[in-house]
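Below, each chain spelled out in residue letters.
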Amino acid sequence: MKNKPLYFDYASTTKIRQEVYEAMLPYLQEEFGNPSSLYTIGIRNKKIINQCRKTIASLINAESHEIYFCSGGSEANNWAIKGVAFAHPDKREIITTKIEHPSVLNSCRFLEKLGYIVTYLDVDAEGFVNLQELEDKITDNTCLVSIMTANNEIGTIQDIQAIGEICARKGVHFHTDAIQAINHLPIDVKQLKIDLLSFSAHKFYGPKGIGCLYISKNTKIENLIHGGNQEREKRAGTENVAYIVGMAKAIELSYREMYSDNVRERDLSQLLYHKLKDAIPDMRLNGPEIGNRRLPGNLNISFKHVDGSQLCFELNEEGICVSTGSACHSDMIEPSHVLQAIKVPDDYIKGTIRITIGKDTTEEEIDKLTEAIIKRVKK
Amino acid sequence: MSLLTIKRNDEVVYQGNILDMPIKSDWIIKKSIELFDDDDPCIIHKSFVIKKYVDEFLKLTDLKNQSQVKLGDYAEKLTFIALDLTDTIATYEE
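For every chain, the first residue of its written sequence is number 1, and the numbers climb from 1 along that sequence. Here the convention is simple: chains get letters from A, ligands get numbers from 1, in the order in which they are written. In keeping with the model being predicted, local features are shown solely for residues with a pLDDT of at least 70 and side-chain atom pairs are shown and tallied solely at 80 or more, while totals for entire chains, interfaces and linings include all residues.

(A) Main features of the overall build of chain A. Segments assigned H or I by DSSP are reported as helices when at least four residues long, segments assigned E as strands when at least two residues long, and all are numbered from the N terminus. Scanning chain A from N- to C-terminus turns up 13 helices and 15 strands. The C-alpha atoms of chain A give 21 Å as radius of gyration, which agrees with the globular expectation for 379 residues (21 Å, within 12%). Counting all 379 residues of chain A, 49% fall into the buried class. By definition, residue pairs are in contact when their C-beta atoms, positioned from the backbone, come within 7 Å. Considering only contacts within chain A whose residues lie at least 6 apart along the sequence, 73% involve residues at least 24 apart. Computation of the radius of gyration draws on C-alpha atoms, with the globule rule given as 2.2 Å multiplied by the number of residues to the power 0.38. With C-beta atoms placed from the backbone, a residue counts as buried when 20 or more other C-beta atoms lie within 10 Å of its own, as exposed when 12 or fewer do, and as partly exposed for counts between those limits.

This is the structure in structure tokens:
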């Protein structure tokens, strides 16, 4: 049997938790009916999908007919951006930030090719958007503002309430990519004045390949996927019943355990940070300080004159999984766009790794990780 | 930077970052197929494969713990390196 890896990449993906797995199982075999079919095994599946929709809606204070299932976070982001743009042909401007996920940035770049004008807002050294700048950039031609709730790399939690209020006051649709945030922050779409919100189940111990886009009832949106009448004629394709059931179960459990998980993950990341900082004083924390403005469990750190990808490689040789701060761009490996946007200094940027802590992380694992990093960085 | 120097009779055959050591491209593809079942790897996967070869090289020669190593002694197992290793000596500095 293979050794269990020491996993510190929960922002990348999570394993399906047992309760979720068990909830999904019947829908992989016995309960296989097509939800669009008008016989008992199909009707039962239509019913369970609608129950899942209601569960999810109630958690984010939405109405059930505002919840649309899709294949994951990338599809949800693509749909929100392209769908709102195509539904408002008279308004050709979009505002986003330089630190969004590629599914947002590349959707915007695609729209630029079609003649849309996209403003990519700068962020400060901790990754925060300047709210005054956002307000100033909104014009009569702006159809959408898309700003992530929390950043996947550096954990910055934006002031979504303030952004929602600006957008509402200016009469502009507001989309937020909440893929990293949904299991850490209680989200009330009405209170936060969010028109569109994306999330994906595999970030909160649900299955990969299933996600959700909340679309407020007042938001006009064009379809991304055309075909049958599923999802109230807005998103075609036979529903992935087992995965929808898994996602609903996972988010329900995640909301129930959110507070205790957040406290625990924040404490563990504090512990890890201080152990590393004590041993390597010139280590740099990227993003906000550990606290309410940073995702619990997220630690994005840089070591001076260290090759972060080599460090990840060596940690992997010891069975430790962490993520690098690099990305692939046209046959080149470069520091990520997020690290560049927050202007991580040159002598640190290539020595970046992201550690993300989750439900199963233990203090003993933190000790092993700390020891392994210190051994390599101080050699 | 981890500096690898390979010399033959005082003539430098390779000097530079060990991760830039020349690896035969067909061996990169071979390892990529072994690891990822991918004969057209992206740059990130290529760079991972190169790290694997460098790791193999260091483990095989124990270069980190030796002042110098005769690479010719390992030539049969270092065929992935795109250099003629006959009569060469390697030194390594972290």
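(B) Structural view of the overall build of chain B. The secondary structure content of chain B amounts to 2 helices and 4 strands. For chain B, the N- to C-terminal ordering of α and β elements is β-β-α-α-β-β. Taken against the 2.2 N^0.38 rule, which gives 12 Å for 94 residues, the C-alpha radius of gyration of chain B at 13 Å falls within 12% of a compact globule. Taking the principal axes of the C-alpha coordinates as reference, chain B spans close to 40 × 25 × 20 Å. Counting the 94 residues in chain B, one finds 23% classified as buried. Partitioning the contacts of chain B with sequence separation of at least 6, the portion at a separation of at least 24 is 44%.

(C) Layout of the domain arrangement of chain A. Residue and element names in this part refer to chain A. Under the domain assignment used here, chain A contains domain 1 (18-256) and domain 2 (258-377). One C-alpha centre belongs to domain 1, the other to domain 2, and the line joining them spans 28 Å. Each partner contributes residues to the interface: domain 1 has 21 residues there, and domain 2 has 19 residues. When its residues are assigned to classes, the side of domain 1 that touches domain 2 shows 10 nonpolar, 8 polar and 3 charged. An automatic or database domain assignment supplies the residue ranges for each domain. Residue polarity follows a fixed list, in which Ala, Val, Leu, Ile, Met, Phe, Trp, Tyr, Cys and Pro are nonpolar, Asp, Glu, Lys and Arg are charged, and the others, Gly among them, are polar.

(D) Local environment of the packing of helix 2 (residues 40-59) of chain A against helix 8 (residues 241-256) of chain A. Residue and element names in this part refer to chain A. Contact pair helix 2 / helix 8: the axes reach a minimum separation of 9 Å and the direction vectors enclose 25°. As judged from the angle between their axes, helix 2 and helix 8 are roughly parallel. Crossing of helix 2 over helix 8 shows left-handed handedness. Between helix 2 and helix 8, the residues in contact are Asn45, Ile48, Ile49, Cys52, Thr55, Ile56 and Leu59 and Val241, Ile244, Val245, Ala248, Ile251, Glu252 and Tyr255, respectively. When its residues are assigned to classes, the contact of helix 2 with helix 8 shows 11 nonpolar, 2 polar and 1 charged. Note on method: axes are straight lines fitted to C-alpha atoms, helices fitted across the in-contact stretch only, with angles between N-to-C directions ranging 0 to 180 degrees. Our angle categories are set so that under 35 degrees counts as roughly parallel, over 145 as roughly antiparallel, 65 to 115 as roughly perpendicular, and the remainder as oblique. Crossing handedness is defined as follows: a turn of the near helix away from the far one that is anticlockwise and smaller than a right angle gives a left-handed crossing, while the clockwise case is right-handed.

(E) A look at the interface of chain A and chain B. Opposite the 9 residues of chain A that make contact, chain B presents 9 residues. Elements with a minimum of two residues in the side of chain A that touches chain B: helix 10 (308-317) and strand 14 (332-335) of chain A. Take the side of chain A that touches chain B: its biggest share by element is 4 residues, from helix 10 of chain A. Tallied by class, the residues present in the side of chain A that touches chain B amount to 4 nonpolar, 2 polar and 3 charged.

(F) Structural detail: the packing of helix 1 (residues 25-36) of chain B against helix 2 (residues 43-61) of chain B. Residues and elements named next belong to chain B. Taken N-terminus to C-terminus, the directions of helix 1 and helix 2 make an angle of 100°; their axes are 9 Å apart at the nearest point. Viewed along their axes, helix 1 and helix 2 adopt a mutual orientation that is roughly perpendicular. The residues of helix 2 that touch helix 1, namely those facing Ile28, Lys31, Ser32, Leu35 and Phe36, are His45, Lys46, Val49, Ile50, Lys52 and Tyr53. Its residues placed into classes, the contact of helix 1 with helix 2 shows 6 nonpolar, 2 polar and 3 charged.

(G) Fine view of unusual backbone geometry. With a phi angle near 55°, Lys193(A) is a residue other than glycine that sits in the positive phi range. Topologically, Lys193(A) is positioned in the loop between strand 6 (173-177) and strand 7 (196-200). Overall, the presence of 19 C-beta atoms within 10 Å leaves Lys193(A) in the partly exposed class. Of note, the phi angle at Asn9(B) is positive, near 50°, even though the residue is not glycine. As for its position among the elements, Asn9(B) is in the loop between strand 1 (3-8) and strand 2 (11-17). On the basis of neighbour counts, which here come to 8 C-beta atoms within 10 Å, the residue Asn9(B) falls in the exposed class.

(H) Layout of the confidence of the model for chain B. Confidence of the predictor at the level of single residues is captured by pLDDT, which takes values from 0 to 100. Counting all residues, the mean pLDDT for chain B is 94, and 99% of those residues have values of 70 or more. Note on the complex model: pTM 0.93, ipTM 0.83.

(I) Quick look at the pairing of strand 7 of chain A. Counting buried positions along strand 7 of chain A gives 5 out of 5 residues, so the element sits mostly inside the fold. Burial along strand 7 of chain A is two-sided: Leu196(A), Ser198(A) and Ser200(A) facing one way and Leu197(A) and Phe199(A) facing the other are all buried.

(J) Helix 9 (residues 258-279) of chain A, seen in detail. All names here are of chain A. Helices are assigned an expected span. That span is 1.5 Å times one less than the residue count. Taking 1.5 Å per residue, 22 residues should reach 32 Å; helix 9 reaches 32 Å between its end C-alpha atoms and fits that length. Taken as a whole, helix 9 has its buried residues at Glu265, Arg266, Leu268, Ser269, Leu272 and Leu276. On its buried side, helix 9 packs onto strand 10 (298-302), strand 15 (352-356) and helix 13 (363-377).

(K) Molecular detail of the sheet that holds strand 4 (residues 89-93) of chain B. Residue and element names in this part refer to chain B. Here the rule is simple: two strands pair whenever DSSP picks up at least two bridges between them. Strand order in the open sheet formed by 4 strands is 2-1-4-3, and the pairing between neighbours is antiparallel. Where the open sheet ends on each side, the last strands, each with one partner, are strand 2 and strand 3 (69-70). Strand direction decides the pairing type here: strand 1 and strand 2, joined by 6 bridges, are antiparallel. Paired with Lys7 across the strands is Val12, a residue of strand 2.

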